[in-house]
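So the chains spell out like this:
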Amino acid sequence: MCAVLAPLLLLGVVIGLFVGSLSFDLEVLLCVAWLAVSLLLAWLAQAWPEIEYRRVSYALDPEHIEIRRGVIWRAVTSVPKSRVQHIDVAQGPLERRYGLATLSIYTAGTEYARIDLPGLRHERAIAIRDRLLPGHERDTGDGT
Amino acid sequence: MGRHLRALLLPAVAVIFTAGSSGRDWDLWLVLLLIPYTLAALARSLSFRYRFDADELVVRKGWVFRSERHIPYGRIQNIDAVQNVLHRALGVAEVRVETASGGEPEATMTVLPVTALTEMREFVFSDRQSSASTREPEAIDNATELLRLRPSEVLLYGFIESRGAVIMAGGFGVLWELGLFDRAFERVTGTELAGGGVIRQILRAAIGQAAVSLRAVIVTILFFVALLLVLRVLSMGWAYVRLHGFVLRRRGDDVRVDYGLLTRVSGTIPLQRIQTLTIAESPLHRLFDRVSVHVDTAGGNGSEEQPTRREPIAPLFRRGDLESLISALLPSVSLGHVEWQRPHAHAVRRARVRTGILAAVASGLAVGVLKWSSIAVVLALAVWAWVYARKYVAHLGWAFVGDAVVFRSGWLWRHLTVARFSKLQVITRVESPFDRRTGMARVRVDTAGATSSEHTIDIPFLPAETATELAATLSARAAETAFRW
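Thresholds applied
Residues numbered from 1 in each chain as written. Chains lettered and ligands numbered in written order. Predicted model: local features only at pLDDT ≥ 70, side-chain atom pairs only at ≥ 80, totals over all residues. Heavy atoms only, no water. Patch = residues over 30% accessible without salt bridge, like charges linked within 9 Å, V, L, I, M, F, W, Y side chains within 5 Å. Areas by Shrake-Rupley, 256 points an atom, 1.4 Å probe, with all protein chains shown as cover. Salt bridge = Lys/Arg side-chain N within 4 Å of Asp/Glu carboxyl O. Buried < 20%, exposed > 50% of the residue type's maximum accessible area, 1.4 Å probe, protein only. Axes fitted to C-alpha atoms, helices over the stretch in contact; angles between N-to-C directions. Helix = DSSP H or I, 4+ residues; strand = E, 2+ residues; numbered from the N terminus. Parallel < 35°, antiparallel > 145°, perpendicular 65-115°, else oblique. Left-handed = near helix turned anticlockwise from the far one by under 90°. Contact = heavy atoms within 4.5 Å. Nonpolar A, V, L, I, M, F, W, Y, C, P; charged D, E, K, R; others polar. Pairing = 2+ DSSP bridges. pLDDT = per-residue confidence, 0-100. Phe/Tyr/Trp six-rings, centres within 6.5 Å; stacked < 30°, edge-to-face > 60°.

Section: a nonpolar patch on the surface
Next, step 1: Taken together, the side chains of Val-85, Tyr-240, Val-241, Leu-261 and Leu-262 of chain B present a nonpolar region at the surface, about 390 Å² in accessible area.
Next, step 2: Residue Val-241 of chain B is classed as partly exposed on the basis of its relative accessible area of 37%.

Listed below in structure tokens is the structure:
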């Protein structure tokens, strides 16, 4: 939260200096508006990842993987196993720090040529990958 | 059958010519600059080798940096050949071998003898059913002709498509330089100094600053009518050059198109590789009782940089015979009697919100600019918003036909897209906040090679349960089939 607030405060000071030459009423109004907007943004920066995370889910069955994502626009994406071209399990530095991973499913499609499933535990991502790849139908990724 | 074949691809003369034509001016300096380029091109093409192995095409190129590329026959989506005037004079062709990798063709052979091209087609496309040796070479006789465009039809295509604007934009600069348009435009638009042009007068009158003469109105209308006609005529000329002698043939499990007056293009598409098929019609199409039919393949036909964009598989087709064309291209699909499924009962309301917002914004602008005289414009926009929403929803529909899903949309410009279950990649059900409030959802179907298509299967305003059911069915049907590109 601090990481978000600090640049906003800095930005506010800069804007304040910039509009310093304007009339007093306008200055007060702008300051209030800026405060409101930055508070809202700060709250969103804090709460949004959790809201977003709560709306990501996936379901595996023998034939498909189904991925649900989106808070405002909600999408349910269904990929038949036979259409999976290849799969990446990627870890950025932060994800590595917390033992997380992003699963990327590649298909031959155009708009949905790559479908991401972020925020999985690394072992879980590997298990899903193994279940999606051909020849691992009976392999259980003990779906904890 | 691993017959090795080596072909020296390139007569040196052709290289110098094609390399030279890339520079516009034949200044000495440019020619000097071209020499290393030409040498490099020469070296590259002299080092170019290809051979046909039992089940793959092997292309080797490079002198300093060598590369050898193996392309399995089964992965080749289509083989296109382009011959410009120079190519034809020398009896060679530029050949592009496309796989599903998208973008760039897998292998481009700039100058390949025509006989070698024929041989290559034989090798690549005969692989599926029988061995190459038993097939007679390039038998056009046993091919069924699906469409042959007579010159009048080609001109009609140009008239309907109206690509004139593009040509105009290109030619405009040239004509402007020559000063041909100056006088004509001065009369109509008026120059900054004289300020007496007809369009200026009318704009002033609309804003309410001056009276408008009847003569001015007539001249303006005539000017725009003339402009439209010129654009159409240019487009017809373009179509005549581009599509002259268009023939679409089916031979076994492939279709082949040939066209072009100066630059001959010939493309081969295996039917198996057709991902989606789209039927498009504009009001003009309906006036002449025609449609145009496009197909998407997974090959690199979507790359915009390529000067030779692929034309529709049937640029202009009589609507009455459509059934025969569809059954030739997609044997398992029949569009004779389709039981169209309708969108949500309240879909018109949703559509009306959209057109209403558009109309409101446009009316706002009109009122801002035209003041009182904008009443007519605002009324027209309101009527348009009302009618368009109704008509748009009335023409929405989807259906299962054979082993495919069909989706149609559009009121004046209509599209109908067919995708076989075996070509579906990803099925998505999308719900916007507005959808949630009205109990609707949208189902999108993604296929390979859809980058270039203007219409995809993307069904809006479905009842929420229908959408869930449809997505599940499509996904299940897709999973039943194996995807073979």
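That shown, we press on.
Comments concerning the packing of helix α5 (residues 151-161) of chain B against helix α9 (residues 214-243) of chain B
Residue and element names in this part refer to chain B.
Next, step 1: Interhelical geometry of α5 versus α9 gives an angle of 135° and a closest axis separation of 7 Å. Classed by the angle they form, the pair α5 and α9 counts as oblique. Judged by the twist between their axes, the crossing of α5 over α9 is right-handed. The segment α5 lies against α9, with Pro-151, Val-154, Leu-155, Tyr-157, Gly-158, Phe-159, Ile-160 and Glu-161 engaging Arg-232, Ser-235, Met-236, Trp-238, Ala-239, Tyr-240 and Leu-243.
Next, step 2: Among the residues forming the contact of α5 with α9, the class breakdown is 11 nonpolar, two polar and two charged.

Focus on the pattern of salt bridges
A side chain with one charge can pair with a side chain of the opposite charge if their charged atoms come near.
Next, step 1: The final tally for this structure, using the stated rule, is 23 salt bridges over all chains.
Next, step 2: Two residues, Asp-130 of chain A and Arg-129 of chain A, come together in a salt bridge whose shortest N-O distance is 3.5 Å.
Next, step 3: Here Asp-130 of chain A falls in the partly exposed class, since its relative accessible area comes to 22%.
Next, step 4: Ionic contacts of the salt-bridge type, sharing partners, join the residues Glu-281, Arg-286, Asp-289, Arg-319 and Arg-414 of chain B into one network.

Looking at the pairing of strand β3 (residues 74-80) of chain A
Residue and element names in this part refer to chain A.
Next, step 1: By the criterion of burial, β3 is predominantly enclosed, with five of the seven residues buried.
Next, step 2: Here six bridges tie strand β2 (residues 64-69) to β3, and the two strands are oriented antiparallel to one another. Of the residues in β3, the one forming a bridge with Ile-67 is Thr-77.
Next, step 3: Where β2 folds back on β3, the antiparallel hairpin that results is connected by four residues, among which Gly-70 adopts a positive phi of roughly 105°.

A few points about the confidence of the model for chain B
Residue and element names in this part refer to chain B.
Next, step 1: A residue-level look at chain B finds 75% of positions with pLDDT of 70 or above and a mean pLDDT of 79.
Next, step 2: Of the regions scoring below 50 in pLDDT, residues 1-16 engages in 39 contacts with residues more than four places distant in sequence or in other chains.
Next, step 3: Low pLDDT, under 50, characterises residues 129-140; the predicted model gives this stretch 19 contacts beyond four residues in sequence or across chains.
Next, step 4: Under the prediction, the complex receives an ipTM of 0.75, its pTM being 0.76.

Comments concerning the packing of aromatic side chains
Residue and element names in this part refer to chain B.
Next, step 1: Applying the stated criterion to the full structure yields nine aromatic pairs over all chains.
Next, step 2: Judged by centre distance (5.6 Å) and plane angle (70°), the rings of Tyr-50 and Phe-52 are edge-to-face.
Next, step 3: Its relative accessible area of 1% is what places Tyr-50 among the buried residues.
Next, step 4: Relative to Phe-421, the ring of Phe-400 lies with its centre 5.8 Å away and its plane at 65°, an arrangement referred to as edge-to-face.

Notes on α5 of chain B
Residue and element names in this part refer to chain B.
Next, step 1: Within the span of α5, buried status applies to Glu-153, Val-154, Leu-156, Tyr-157, Gly-158 and Ile-160.
Next, step 2: Check the buried side of α5 and you find it contacts α9, α10 (283-287), β12 (290-297) and β13 (314-318).
Next, step 3: The first or second residue beyond α5 is Ser-162, which carries a positive phi of 50°.

With respect to the sheet that holds β2 of chain A
Next, step 1: Read across the open sheet, the six strands follow the order β1(A)-β2(A)-β3(A)-β17(B)-β18(B)-β19(B); overall the sheet is antiparallel. The sheet is open, and its two borders are formed by β1 (57-60) of chain A together with β19 (458-463) of chain B, each paired with just one other strand. Across the sheet, the axes of successive neighbouring strands diverge by a mean angle of 20°, strand direction being ignored.
Next, step 2: In this structure, strand β17 (residues 424-431) of chain B lies alongside strand β18 (residues 440-447) of chain B, joined through six bridges in antiparallel fashion. The residue of β18 of chain B that forms the bridge with Thr-428 of chain B is Arg-444 of chain B.
Next, step 3: Strands in contact with helix α4 (residues 122-132) of chain A are β1 and β2 of chain A; relative to β1 of chain A, the strand with the most contacts, it is inclined by about 40°.
Next, step 4: Packed onto the sheet, helix α15 (residues 464-480) of chain B meets β2 and β3 of chain A together with β17, β18 and β19 of chain B and runs at close to 165° relative to β17 of chain B.

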